[in-house]
Amino acid sequence: MSHSQTRTQRRTSRTHHTPKPDTTPHPTIAPEVLQRAITDPDTLSPQAVQILQASHGNHFVSNLIRQGADAAAQADRPSPDRQQPGAPVVQRLSMSEKPIDTGTLVSLKNISGAGTGGKTGLIQNEGGEKLVVKVVSPRMNPEGAVAASRIMKQSGVYTPDIRLATSGDTEDIFHGLQTLSIDHPEYEEVVDLFTDRMVSKGWPVLLMDFVEGGQTLGQMDNSGTLVDALNDPTFQKELGMILATDAFYGEGDRMHLKMPDLIDAGWSLEYNPGNLMIIKGVDGFHAIPIDNDFEPKLGKTGKPFARGAKDSSLTVASCIDDFMKEAQAIYDAFVKLEKKPTGLFALFGPMQAWKKKKKQFEANRASFVDTVVQSGRETLDRLLKHGQDWSQQLEEAGVGDQIKDFRVRIRFMRLLRAGVEKNQAIVLARNQTEYRRWRLINELGFTKKQAAQVLELGDMAYKRSVEETIKQGKPVIVQAFDLRNKK
């Protein structure tokens with residue numbers, strides 16, 4: 001794909017960008033059969049599979065079958081990203097090989113934040129379907145966005161679906177944008193911005209579902225919506241879950257508590273106003289994290305307080321007083337966003353309404369802190385439970401090279417939650433043998449001598465000893481001959 005074509009050429013040569021129609025006759029499948037297959041791929045006959053492979057490609061059919069298997073596996077247990085009554089309204093498009101009919105685009109809105117280095121756009125076709133397209137610099141770890149969103153969903157928080165675009169996706173979007181700039185010259189400049197990074201620079205592209213009706217913190221107006229959300233128990237609970245999950249995987253670009261220093265004696269909150277959305281559903285307000293970023297590596301000292309941008313907070317894992325300070329800092333920061341009405345018009349109804357809501361919020365301050373803290377601690381405890389196969393999930397998301405850092409982070413947070421002093425916790429977390437010794441003695445009831453014996457037997461003996469100890473409810477040492485007998 002080349003980006004050497006000039007604007008004039010684009011205007012005078014539409015056929016250059018329009019793929020030639022495929023005139024080869026193909027067998028077809030009745031629409032009702034295809035629709036039934038989408039919800040239940042097992043209904044496809046071998047002949048129907050062959051027809052779909054010829055008309056849509058092997059990738060489409062593989063995705064269809066995989067999605068059906070995933071749906072069957074999830075049918076008997078609740079899914080955190082399943083749409084519930086009152087949940088956010090999502091423009092759900094196919095996240096398969098062709099996510100949107102890009103040949104009929106009618107708009108491209110630049111919704112990029114400041115200083116991202118990439119470009120984020122909202123594209124819409126003539127059918128009203130919308131899709132968020134984010135072109136990012138490779139140094140921004142695009143795979144990390146996929147990994148973080150998966151973890152966020154597993155914690156029970158709704159966050160828009162996201163995946164890396166395939167080369168086919170990118171080519172379709174490129175040609176759709178070229179046609180858009182011809183049919184709608186007013187979009188030509190913004191199209192150039194996106195195609196420069198997507199094609200000339202070859203940057204990765206992320207595709208995300210679009211959440212209809214949401215506002216970021218930076219978009220909140222004077223209507224009192226923010227105060228209403230902060231008073232809403234649903235929003236408070238979801239905010240606590242987000243804070244805990246951010247701390248769990250290392251999100252450093254949403255919000256975190258900044259420790260007092262010599263210049264500023266008070267606690268403060270640093271936050272990105274574009275990475276948290278608020279939306280009102282029939283059951284109340286919802287907090288929706290977007291632009292999630294997986295950065296699990298701890299700093300040199302593993303301090304639980306952030307000291308600057310891109311430094312995630314760990315207060316949720318340390319003592320409860322620390323996490324309460326963070327919740328209070330969020331209150332202080334968010335209430336300042338609620339702008340006071342100004343001008344002569346403010347002397348009447350708007351000012352009185354604003355004062356009433358602000359007073360109501362201040363009266364509920366303690367309730368806000370309690371709900372956020374309780375929700376956050378409960379969420380973190382669920383995430384920190386042993387036996388969750390995070391490694392496989394991270395490999396699938398494309399961040400396998402960060403698994404070691406993530407393991408150290410999880411150990412550190414488990415130690416903090418157990419009351420271990422942070423300087424000792426960071427040393428134990430970075431030494432697998434010493435962390436295992438600590439767990440055997442402090443969590444599983446082994447004596448120091450028994451723990452040493454287990455560790456001398458090796459990795460497999462440790463894992464089997466832990467399994468048997470949990471099953472039997474008392475310390476069990478699995479000897480080498482026991483391991484041989486298990487083979």
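Residues numbered from 1 in each chain as written. Predicted model: local features only at pLDDT ≥ 70, side-chain atom pairs only at ≥ 80, totals over all residues. Heavy atoms only, no water.

Focus: the overall build of the protein
Now for step 1: Broken down by element type, the protein carries 20 helices and 12 strands.
Now for step 2: Counting the 487 residues in the protein, one finds 45% classified as buried.
Now for step 3: The long-range share in the protein, meaning contacts at least 24 apart out of those at least 6 apart in sequence, stands at 68%.
Now for step 4: Surface summary for the protein: the accessible area is close to 25,100 Å², and the carbon and sulfur share equals 52%. (Helix = DSSP H or I, 4+ residues; strand = E, 2+ residues; numbered from the N terminus. Buried < 20%, exposed > 50% of the residue type's maximum accessible area, 1.4 Å probe, protein only. Contact = heavy atoms within 4.5 Å. Areas by Shrake-Rupley, 256 points an atom, 1.4 Å probe, with all protein chains shown as cover.)

As for the sheet that holds strand β4 (residues 130-135)
Now for step 1: Taken in spatial order, the 5 strands line up as β2-β3-β4-β6-β5 in an open sheet, and their pairing is antiparallel. Only two strands of the sheet have a single partner each, and these edge strands are β2 (105-110) and β5 (162-164). Across the sheet, the mean angle separating the axes of adjacent strands is 25° when strand polarity is ignored.
Now for step 2: In the packing of helix α7 (residues 167-183) onto the sheet, contacts are made with β2, β3 (119-125), β4, β5 and β6 (205-208), and the angle to β2 comes to roughly 100°.
Now for step 3: The sheet strands contacting helix α8 (residues 188-200) are β2, β3, β4 and β6, and the helix crosses β2 at an angle near 80°. (Pairing = 2+ DSSP bridges. Axes fitted to C-alpha atoms, helices over the stretch in contact; angles between N-to-C directions.)

Observations regarding the packing of helix α10 (residues 233-249) against helix α13 (residues 365-383)
Packed helix pairs are specified by the crossing angle of their axes together with the interaxial distance, meaning the distance between the axes.
Now for step 1: In the contact formed by α10 and α13, the axes pass within 7 Å of each other and the chain directions differ by 45°. Judged by the angle between their axes, α10 and α13 are oblique. Taken as a pair, α10 and α13 cross one another with a handedness that is right-handed. Every residue of α13 that contacts α10 at Pro233, Gln236, Lys237, Leu239, Gly240, Met241, Leu243, Ala244, Thr245 and Phe248 is listed here: Ser367, Phe368, Thr371, Val372, Ser375, Gly376, Thr379, Leu380, Arg382 and Leu383.
Now for step 2: For the contact of α10 with α13, the residue count by class is 10 nonpolar, 8 polar and 2 charged. (Parallel < 35°, antiparallel > 145°, perpendicular 65-115°, else oblique. Left-handed = near helix turned anticlockwise from the far one by under 90°. Nonpolar A, V, L, I, M, F, W, Y, C, P; charged D, E, K, R; others polar.)

Some points on the environment of Glu143
Now for step 1: Among the secondary structure elements, Glu143 is positioned in helix α6 (residues 142-154).
Now for step 2: Once residues lying within four places of it in the same chain are set aside, the contact partners of Glu143 are Leu164, Ala397, Gly398 and Val399.

As for the pairing of β3
Now for step 1: In terms of burial, β3 is largely enclosed, as 6 of its 7 residues are buried.
Now for step 2: Summarising the sheet, β2 and β3 pair through 5 bridges and their orientation is antiparallel. Looking at β3, one finds that Ser107 is bridged to Gln124.
Now for step 3: Here 6 bridges tie β3 to β4, and the two strands are oriented antiparallel to one another. Paired with Gly121 across the bridge in β4 is Val133.

A word on the environment of Lys201
Now for step 1: Looking at the secondary structure, you find Lys201 in the loop between α8 and β6.
Now for step 2: Between the alpha carbons of Lys201 and Ser137 there is a distance of 8.9 Å; along the sequence they are 64 residues apart.

Section: the packing of helix α15 (residues 403-417) against helix α17 (residues 432-442)
Now for step 1: Following both chains from N to C, one finds α15 and α17 inclined at 35°, their axes separated by 12 Å at the closest point. The element α15 and its partner α17 pack so that their crossing is left-handed. Between α15 and α17, the contacting residues are Arg411, Arg414 and Leu415 on the first element and Gln432, Tyr435 and Trp438 on the second.
Now for step 2: In the contact of α15 with α17, the residues fall into 3 nonpolar, 1 polar and 2 charged.

Quick notes on the nonpolar core
Now for step 1: Counting 70 residues, the largest nonpolar core has Phe248, Met255, Phe294, Phe334 and Phe406 as the members making the most contacts within it.
Now for step 2: Among the elements that line this core, the one with the most residues is α10, at 9 residues.
Now for step 3: When residues no more than four places from it in sequence are discounted, the contact partners of Met255 are Leu217, Leu239, Leu243, Leu269, Glu270, Tyr271, Leu276, Ile330 and Phe334.
Now for step 4: Listed in part, the 19 residues of the second largest apolar core include Leu131, Leu177, Val199 and Leu207. (Core = buried A, V, L, I, M, F, W, Y, C linked by side-chain atoms within 4.5 Å.)

Some words on the pattern of salt bridges
Now for step 1: All chains considered together, the criterion is met by 16 salt bridges.
Now for step 2: A salt bridge links Asp246 to Arg254; its shortest N-O distance comes to 2.9 Å.
Now for step 3: By sharing partners, the salt bridges in this structure join Arg464, Glu467, Glu468 and Lys471 into a single network. (Salt bridge = Lys/Arg side-chain N within 4 Å of Asp/Glu carboxyl O.)

Things to note about unusual backbone geometry
Now for step 1: The phi dihedral of Asn141 falls on the positive side, at around 55°, and the residue is not glycine.
Now for step 2: Looking at the secondary structure, you find Asn141 in the loop between β4 and α6.
Now for step 3: A relative accessible area of 16% means that Asn141 is categorised as buried.
Now for step 4: Not every positive phi belongs to a glycine, and Asp291 is a case in point at roughly 50°.
Now for step 5: Position of Asp291 relative to the elements: it lies in the loop between β12 (284-289) and α11 (320-337).

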